[in-house]
Amino acid sequence: MSQKLEEENPAEETGQEKQDTQEKEGILPERAEEAKLKAKYPSLGQKPGGSDFLMKRLQKGQKYFDSGDYNMAKAKMKNKQLPSAGPDKNLVTGDHIPTPQDLPQRKSSLLTSKLAG
Amino acid sequence: MAGAGGGGCPAGNDFQWCFSQVKGAVDEDVAEADIISTVEFNYSGDLLATGDKGGRVVIFQREQENKIRPHSRGEYNVYSTFQSHEPEFDYLKSLEIEEKINKIRWLPQQNAAHFLLSTNDDLRINLWHLEITDRSFNIVDIKPANMEELTEVITAAEFHPHQCNVLVYSSSKGTIRLCDMRSSALCDRHSKFFEEPEDPSSRSFFSEIISSISDVKFSHSGRYMMTRDYLSVKVWDLNMESRPVETHQVHEYLRSKLCSLYENDCIFDKFECCWNGSDSAVMTGSYNNFFRMFDRSTRRDVTLEASRESSKPRASLKPRKVCAGGKRKKDEISVDSLDFNKKILHTAWHPVDNVIAVAATNNLYIFQDKAN
């Protein structure tokens, strides 16, 4: 009788261990990737869902040029250089005033689509 | 909606998907303007429209019986093309307006002329009367008074196929709201709220990003809706808000590549999904010019590839397999060999027949079932 119980228990434990391992393997890849990212960018915020993040997504590479801001900044600066765009030209932050040079040129009308060729 | 020959199993051995046509140039350097941004069949499937980032629309028409060229029957050839949107600059807001075609929707044919609508999306959903062009009804507005409080954006929206007062919209947080325009003029309060419960212990930095819904599509029956997030396709029963009835893994092997995919921005790629005519199967795209089909009844799935190499007339497509880890078998491709620049974001399924249109960057592939 007691022998039977001993035989049954090991099987149950193995089953439980297997389930734990599977769950860990399921969680592990994403967490490992998170650790990799945080190691590369330690200043990365906790939650990516913040407004800055969403604003970047919404912008989709569009650049904002305000002629009023630009001219006022020019007037203030007078002879000094205007702050130019940082390495990431796609992100317009509060203290950077886009200049006409930062903006992509307006595209002219296109040829017929190659799908119709 | 009964499909002609569409009721069978599209994945696995019962169907033979074959190459039919490919449109577009074989350029090494793809111009931004040539990137296809939307593909849509009309209600009969006789017309197929594409839109691109350059603001152009090309419409293809299916060839009917042709005695001179008997093999051309069923082929899609150019019917019309035009420049739909031009790049603009909004001087008032100092904003550059993109000319990219985001969506094409065919209107039910009312007379001999065919009409179509090409549109854009926002923090708001507006309803337009086709004959009144200077104003619209605002039905959903999630723009906060203070933009710094923004936590969620609308990612996709669709009207119910039969109940014109019902619409759904999805969010960047993986939720779907169903609104009934008859219950109130402003649908900020939803009638139904769909969200799959998340296991808090499995939450990571990437959780919210990969849960963002990139596409939502009602089934033809109107009973179900399908959502696409970064790694999966989910089918929801409109009568059950607590969780999806089906989840299909598109490319689960990418879960262990999320760090790189975040760095190269691929994690923000917006994949679309579509139903077949009888709602028995769903399709969505992936990377390396792969696309996936899931049979809902048999639960079988298949990975196929849109490539010039397998573009011989009526050549059968060979199923592809990605090796997630361990020993790579002969015909498998390893995850690290996948080309993440070759994305299939847009696919369309003929409303009746087993004909599919797959946009691979600047090329349009058309595949048909051998039985067609």
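The shown structure was predicted, so the numbers you read here are calculated from the model rather than taken from an experiment.

K.L.:
Explain the environment of Lys318 of chain B residue by residue, including any values.
P.N.:
All names here are of chain B. Within the element layout of this structure, Lys318 appears in the loop between β23 (301-305) and β24 (322-323). For Lys318, a relative accessible area of 44% gives the class partly exposed. Between the C-alpha atoms of Lys318 and Asp180, which are 138 residues apart in sequence, the distance is 44 Å. Discounting chain neighbours no more than four positions away, the residues touching Lys318 are Thr303, Leu304 and Asp331. Polar side-chain contacts of Lys318 include one of 3.2 Å to the side chain of Asp331.

K.L.:
Residues and numbers for unusual backbone geometry, please.
P.N.:
For residues besides glycine, phi is generally negative; the peptide bonds are generally trans as well. Residues and elements named next belong to chain B. Here Asp279, not a glycine, exhibits a phi torsion of approximately 65°, which is positive. Take Asp279: it is sitting in the loop between β20 (273-275) and β21 (281-285). Look at Arg314: it is not a glycine, yet its phi comes out positive at around 60°. One can find Arg314 in the loop between β23 and β24.

K.L.:
Please provide a residue-by-residue account of the sheet that holds strand β19 (residues 246-249) of chain B, values included.
P.N.:
All names here are of chain B. One open sheet accounts for four strands, arranged β16-β17-β18-β19; its pairing is antiparallel. Looking at which strands have only one partner, the edges of the open sheet turn out to be β16 (215-218) and β19. Averaged over all neighbouring strand pairs, the angle between strand axes comes to 15°, with direction disregarded. Taken together, the four bridges between β16 and strand β17 (residues 224-228) define a ladder with antiparallel strand orientation.

K.L.:
Could you give an account of the sheet that holds strand β3 (residues 47-52) of chain B, with specific residues and numbers?
P.N.:
Residue and element names in this part refer to chain B. If you walk across this open sheet you meet the four strands as β2-β3-β4-β5, and the pairing is antiparallel. This sheet does not close on itself; its edge strands, each paired only once, are β2 (36-41) and β5 (76-83). Each strand of the sheet is rotated relative to its neighbour by a mean of 20°, with strand direction disregarded. The pairing of β2 with β3 spans five bridges and is classified as antiparallel. Opposite Phe41, over in β3, you have Leu48 as the bridge partner.

Calculation criteria
Residues numbered from 1 in each chain as written. Chains lettered and ligands numbered in written order. Predicted model: local features only at pLDDT ≥ 70, side-chain atom pairs only at ≥ 80, totals over all residues. Heavy atoms only, no water. Helix = DSSP H or I, 4+ residues; strand = E, 2+ residues; numbered from the N terminus. Buried < 20%, exposed > 50% of the residue type's maximum accessible area, 1.4 Å probe, protein only. Contact = heavy atoms within 4.5 Å. Polar contact = N/O pair within 3.5 Å; in protein donor to acceptor, adjacent residues only side chain to side chain. Pairing = 2+ DSSP bridges. Axes fitted to C-alpha atoms, helices over the stretch in contact; angles between N-to-C directions.

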